[in-house]
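Next come the chains, spelled out residue by residue.
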Amino acid sequence: MPSSIVIGTQWGDEGKGKIIDILASQAEVVVRSQGGNNAGHTVVNNGETYKLHLIPSGILYPDTLCLIGAGVVLDPKSFLEELNMLREKNISAENLRIDPRAHIVMPWHIVLDGLSEEFRGNSDIGTTKRGIGPTYMDKYERCGIRMYDLVHPEIFREKALATGKLKNKIIKEVYGGKEIDLDTVIDEYIAYGKQLAEFVDDVSVLTYDAYKAGKNIMFEGAQATLLDIDFGTYPYVTSSHPLSGGVCIGTGVGPKMIDRIIGVAKAYTTRVGKGPFPTELDDETGETIRNVGGEFGTTTGRPRRTGWFDAVIVRHSVRVNGLDGIALNKLDTLSNLGDLKICTGYKMPDSTIIRNFPPTLEGLEGCQPIYETVPGFSDDISSCRTYDELPQACKDYIKRVEELCECPVAMVGVGPDRSQIIIRD
Ligand code: GDP
Ligand code: IMO
Ligand code: MG
């Protein structure tokens, strides 16, 4: 059985959770490899909505092994809240494992995320304030606390006390913030560690064993290509590698173990947080897309910025991720908008035209999107289940996306439910 990566091609919230959940019906293992509870993945099954942040979207299938890899940063409190939410809905977490190498988000990371955003003032990034950046900073500074430490109270106490003292100094003396009561935090986190100990296992080994046994493995991306720390719109990005290449590093598997890479895109574009957005619609059409598409953050509830489909961005994703296919979600949201626009390239201030997404913010400055107008549709497509049932305008839209992005559209989303999908290959 093949192993597949599912990643985001735009700025996140493309409906990765839904696609993973659909494909997970045939998967025996689902693995998260980066990010943390800054992610918000929605799965809708039979009218019931599940919002997952850290737990892989395969969890709704009782026999699927759900793994949290070494590259994830884990907030224990948030993880346990999510676990309780699932237990209340009678969903078993028996098949859940966390790599001992995964770094722990501590309260000082969350406080410092907020303080540094405040300090940046108008130049803030618009982070989710979940402590993600500061936790990855400590990981690369080599002073982080890992899952293994959390479940060994003596090791944890020593490390947390040493780091916590330094963090309190920074909070108080650099930012003028309120110090954290370390004794209380350490006791609280030791209690979390006790609850988490049963989940700790080597995810690299578990994934490799599953692969050797011929099992079907899905790698679940969080965030997305333009939020990648290197290939995104730096500095308006997250602090991990949401690209397909990041999956191998964050899980501990080799690139030859990957058979298929699916990039999830919306039929338009959204972004939550600050940073450039060439096709942004600051008008009534943008507002309509936001309301009809329910474009409000799954994690923070913030309204998402909306805009036309940008083929420059998705073509960039096809290249940097090596995509085999696109899952084009939310085509239903474009119904009744009149004529639709697709961005095919950018016009630079000196009138040259570029087709590749610029590597820097400076390169994006003054870029104007070049639009192609295509016919819209007014049909309700939410009950279409085959490509042939779609109106001609939808088929033409999909074909144009494929041509411009140089990648086949393998799946089309026509609604939030698990069943509302057209699978083409
Ligand atoms: P993720 O972070 O990529 O998993 O995406 P989110 O869950 O944050 O946001 C996607 C939103 O769109 C969720 O509310 C989904 O239920 C919803 N959704 C996913 N696919 C479709 C689709 O094809 N049509 C519609 N109307 N909604 C969808
Ligand atoms: P999913 O997996 C959309 C954005 C934040 C901010 C930037 C940095 O649901 O697609 P961070 O808290 O990571 O330091 O914030 O990244 N961001 C997301 N936007 N979807 C996400 O995840 C995101 N995770 C982070 O809004 O702009
Ligand atoms: Mg999301």
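Above this note sits the structure.
Our subject in this report is the structure included herewith. (Residues numbered from 1 in each chain as written. Chains lettered and ligands numbered in written order. Predicted model: local features only at pLDDT ≥ 70, side-chain atom pairs only at ≥ 80, totals over all residues. Heavy atoms only, no water.)

1. Concerning the pairing of strand E3 (residues 41-45)
Defined as follows: A pair of strands counts as paired when DSSP detects no fewer than two bridges linking them. In DSSP terms, a helix is any run of H or I states spanning at least four residues, a strand is any run of E spanning at least two, and both are numbered starting from the N terminus.
In this sheet, strand E4 (residues 48-52) lies alongside E3 in antiparallel orientation, the contact comprising 5 bridges. Across the sheet, residue Val44 finds its bridge partner in E4, namely Thr49. Hairpin connection between E3 and E4: a loop of 2 residues separates the two successive antiparallel strands, and Asn46 in this loop has a positive phi of roughly 55°.

2. Side note on the site of ligand 1
What counts here: What makes a residue near a molecule or strand is one non-hydrogen atom of that residue sitting within 4 Å of it. Polar contact is the term for a pair of N or O atoms within 3.5 Å; when the atoms are in protein, one must be able to donate a hydrogen and the other to accept it, and sequence-neighboring residues count only if both atoms are side-chain atoms. Per-residue and other accessible areas follow the Shrake-Rupley method at a 1.4 Å probe size, with only the shown protein chains counted as cover for residues. When residues are grouped by polarity, Ala, Val, Leu, Ile, Met, Phe, Trp, Tyr, Cys and Pro land in nonpolar, Asp, Glu, Lys and Arg in charged, and all others, Gly among them, in polar.
In the neighbourhood of ligand 1, 20 residues make up the surrounding shell, with Lys16, Gly40, Thr42, Thr298 and Asp332 lying closest. The separation between an oxygen atom of ligand 1 and a polar main-chain atom of Glu14 is 3.1 Å. Within the backbone of Gly40, an N or O atom sits 2.8 Å from an oxygen atom of ligand 1. When isolated, ligand 1 has an accessible area of 580 Å², and the protein chains bury 92% of it. Those elements that place two or more of their residues in the shell around ligand 1 are helix H1 (16-23) and E3. Broken down by class, the residue content of the shell around ligand 1 amounts to 3 nonpolar, 10 polar and 7 charged.

3. Structural notes on the coordination of the magnesium ion (ligand 3)
Angles between donor atoms at a metal ideally measure 109.5 degrees for a four-coordinate tetrahedral arrangement and either 90 or 180 degrees for a six-coordinate octahedral one. Formally: Ligating atoms shown are N, O and S within 2.8 Å of the metal, or 3.2 Å for Na, K and Ca, and water is not included, meaning a site may look less than complete.
At the metal site, the magnesium ion (ligand 3) is ligated by Asp13 (OD) and Gly40 (O), and these contacts range over 2.0 to 2.2 Å. Residue Asp13 is located in the loop between strand E1 (3-8) and H1, and its partner Gly40 is located in the loop between strand E2 (29-32) and E3; the two are separated by 27 residues in the primary sequence.

4. A few points about the site of ligand 2
Close to ligand 2 lie 20 residues; Lys16, His41, Thr128, Gln223 and Thr238 are nearest. Asp13 places a main-chain nitrogen or oxygen 2.9 Å from an oxygen atom of ligand 2. Between ligand 2 and the protein, one listed contact pairs an oxygen atom with a side-chain N or O atom of Lys16 at 2.6 Å. Alone, ligand 2 offers 550 Å² of accessible surface; in the complex the protein occludes 98% of this.

5. Re the nonpolar core
Put simply, the rule is: To form a nonpolar core, buried Ala, Val, Leu, Ile, Met, Phe, Trp, Tyr and Cys residues must be joined to one another through side-chain atoms within 4.5 Å. With a 1.4 Å probe rolled over the protein chains alone, any residue whose accessible area is under 20% of its type maximum counts as buried; one over 50% counts as exposed, and the rest are partly exposed.
Membership of the largest hydrophobic core comes to 51 residues, with the highest contact counts inside it found for Phe309, Ile326, Leu331, Leu334 and Tyr397. With 7 residues, the single largest contributor to this core is helix H13 (residues 392-405). By size, the runner-up hydrophobic cluster in this structure holds 41 residues, among which are Val43, Leu74, Ile98 and Phe199.

6. Notes on the packing of helix H2 (residues 76-88) against helix H7 (residues 182-196)
Selection criterion: Note on definitions: angles span 0 to 180 degrees between N-to-C directions of axes, and those axes are lines fitted to C-alpha atoms, for helices only across the stretch in contact. Under this scheme an angle from 65 to 115 degrees is roughly perpendicular, one under 35 degrees roughly parallel, and one over 145 degrees roughly antiparallel; angles in between are oblique. For any helix crossing, the convention is left-handed if the near helix is rotated counterclockwise from the far helix by under a right angle, and right-handed if that rotation is clockwise. Any pair of residues with heavy atoms lying within 4.5 Å of one another is described as a contacting pair.
Contact pair H2 / H7: the axes reach a minimum separation of 10 Å and the direction vectors enclose 45°. It follows from the interaxial angle that H2 and H7 lie oblique. The handedness of the crossing between H2 and H7 is left-handed. Contacts between H2 and H7 involve Pro76, Lys77, Phe79 and Leu80 from the former and Glu188, Tyr189, Tyr192, Gln195 and Leu196 from the latter. Looking at the contact of H2 with H7 residue by residue, the classes come out as 6 nonpolar, 1 polar and 2 charged.

7. A short note on the side chain of Ser33
Secondary-structure assignment places Ser33 in the loop between E2 and E3. Ignoring sequence-local partners within four residues, the contact set of Ser33 consists of Gly71, Val72, Glu220, Gly246, Val247, Gly250 and Thr251.

8. Describing H2
The criterion, for reference: Working rule for helices: expected span equals 1.5 Å times residues minus one.
Here H2 contains 13 residues, and its C-alpha end-to-end distance of 18 Å stays within 8% of the 18 Å for a straight helix at 1.5 Å per residue. Taken as a whole, H2 has its buried residues at Pro76, Ser78, Phe79, Leu80, Glu82, Leu83 and Leu86. Between a side-chain oxygen at the N-terminus of H2 and the backbone nitrogen of Lys77 the separation is 3.0 Å; the capping residue is Asp75. One or two residues past the end of H2 sits Asn90, with phi positive at roughly 60°.

9. Considering the side chain of Lys167
Within the secondary structure layout, Lys167 lies in helix H6 (residues 153-174). We classify Lys167 as buried; its relative accessible area is 9%. When residues no more than four places from it in sequence are discounted, the contact partners of Lys167 are Trp108, Leu112 and Asp138.

10. Thoughts on the pattern of salt bridges
Heads up, the rule is: Should a side-chain nitrogen of Lys or Arg be within 4 Å of a carboxyl oxygen of Asp or Glu, the pair is scored as a salt bridge.
Applying the stated rule across the entire model yields 23 salt bridges. In this structure, Glu295 engages Lys266 in a salt bridge whose closest nitrogen and oxygen atoms are separated by 2.9 Å. Of the two residues, Glu295 is situated in the loop between helix H10 (284-292) and strand E12 (305-307) and Lys266 in strand E10 (residues 260-266); the sequence distance between them amounts to 29 residues. Just as Glu295 is buried, Lys266 falls in that class too. Here Glu280 makes a salt bridge to Arg305, at a shortest N to O gap of 2.9 Å. Remark: Arg305 occurs in strand E12 and Glu280 occurs in the loop between strand E11 (269-271) and H10; sequence separation between them is 25 residues. Owing to a relative accessible area of 28%, Glu280 belongs among the partly exposed residues under this scheme. Through salt bridges with shared partners, one network takes in Asp13, Lys266, Glu295, Arg304 and Lys330.

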